[in-house]
Amino acid sequence: MGKPAKRIATYEDVLAAPENKVAEIIEGELVLSPRPAGPHTVALSALTEELGPPFKRGRGGPGGWIILAEPEVHLEGNVLVPDLAGWRRETMNVVRKEPPYFTIRPDWICEVLSPSTERRDRADKVRLYARTGVTSAWLVNPLQRTLEVLRLAHETPTQWTTLGVFTDDAKVRAAPFEAFELDLAVLWQDVEP
């Protein structure tokens, strides 16, 4: 006797998920993750504060981006919730009221890695981002105090090229935000060593 066919998750499953969970559909499977813990939230908030003024608002930088925390992005039947996502204004110039999620692929995503989500973020989600044409990705690990910068490979457009891994208090000009120097120490300054 064979295994019963695996049920494909639907958007109704996402909507019915407990409020204290982040609900995603990855390759047909409903994935529930805990809400982010302290170090994750500190790094995410600091990164939003650093990138927002120069890239979203154009204060001290070039502007031209829409950068959002935890947007729900629907790509190829998957429902993904990156920690941060950014769209160049040429890609998406305004946030629409409907639908209540995004169907335009971001130009950049950032996943803040937690022990409970790192494996899925690094493998499944980053692979899906590449497959759907997201051109830049950052992986931030607040516990290891690292920033890994990825760019979609030109020769194999579903593979990532690692542009660099930066640690501790490095000063970084990283794609796609090279116009601004990011001091990594800001991302974990409020996190216990």
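The preceding data block contains the structure.
Spatial ordering of the open sheet is given by β3-β6-β7-β8-β9-β10, a layout of six strands whose pairing is mixed. In the strand order of this sheet, the two ends are held by β3 (65–69) and β10 (160–167), each with one partner. On average, each strand axis in the sheet is tilted by 15 degrees relative to the strand beside it, whichever way the strands run. Here strand β6 (residues 84–88) runs beside strand β7 (residues 108–112); their pairing, made up of three bridges, is antiparallel. For A85, the partnering residue across the bridge sits in β7 and is I109. Seen against the sheet, helix α2 (residues 38–57) touches β3, β6, β7 and β8 (136–141) and runs at an angle of roughly 165 degrees to β3. Against the sheet, helix α3 (residues 118–131) touches β7, β8, β9 (146–152) and β10, its axis set at about 170 degrees to β7.

Moving on: the pairing of β9. Along β9, six of the seven residues are buried, which leaves the element largely enclosed by surrounding structure. Looking at chain direction, β8 and β9 are connected through six bridges and run antiparallel. Bridging from a neighbouring strand, L139 pairs with E148 of β9. Between β8 and β9, which pair antiparallel and follow one another directly, the connecting turn spans four residues, one of which, R145, has a positive phi of 60 degrees. Where β9 and β10 come together, seven bridges link them in antiparallel fashion. Its bridge partner lying in β10, E148 is registered against V165.

What counts, and at which threshold
Residues numbered from 1 in each chain as written. Predicted model: local features only at pLDDT ≥ 70, side-chain atom pairs only at ≥ 80, totals over all residues. Heavy atoms only, no water. Pairing = 2+ DSSP bridges. Helix = DSSP H or I, 4+ residues; strand = E, 2+ residues; numbered from the N terminus. Axes fitted to C-alpha atoms, helices over the stretch in contact; angles between N-to-C directions. Contact = heavy atoms within 4.5 Å. Buried < 20%, exposed > 50% of the residue type's maximum accessible area, 1.4 Å probe, protein only.

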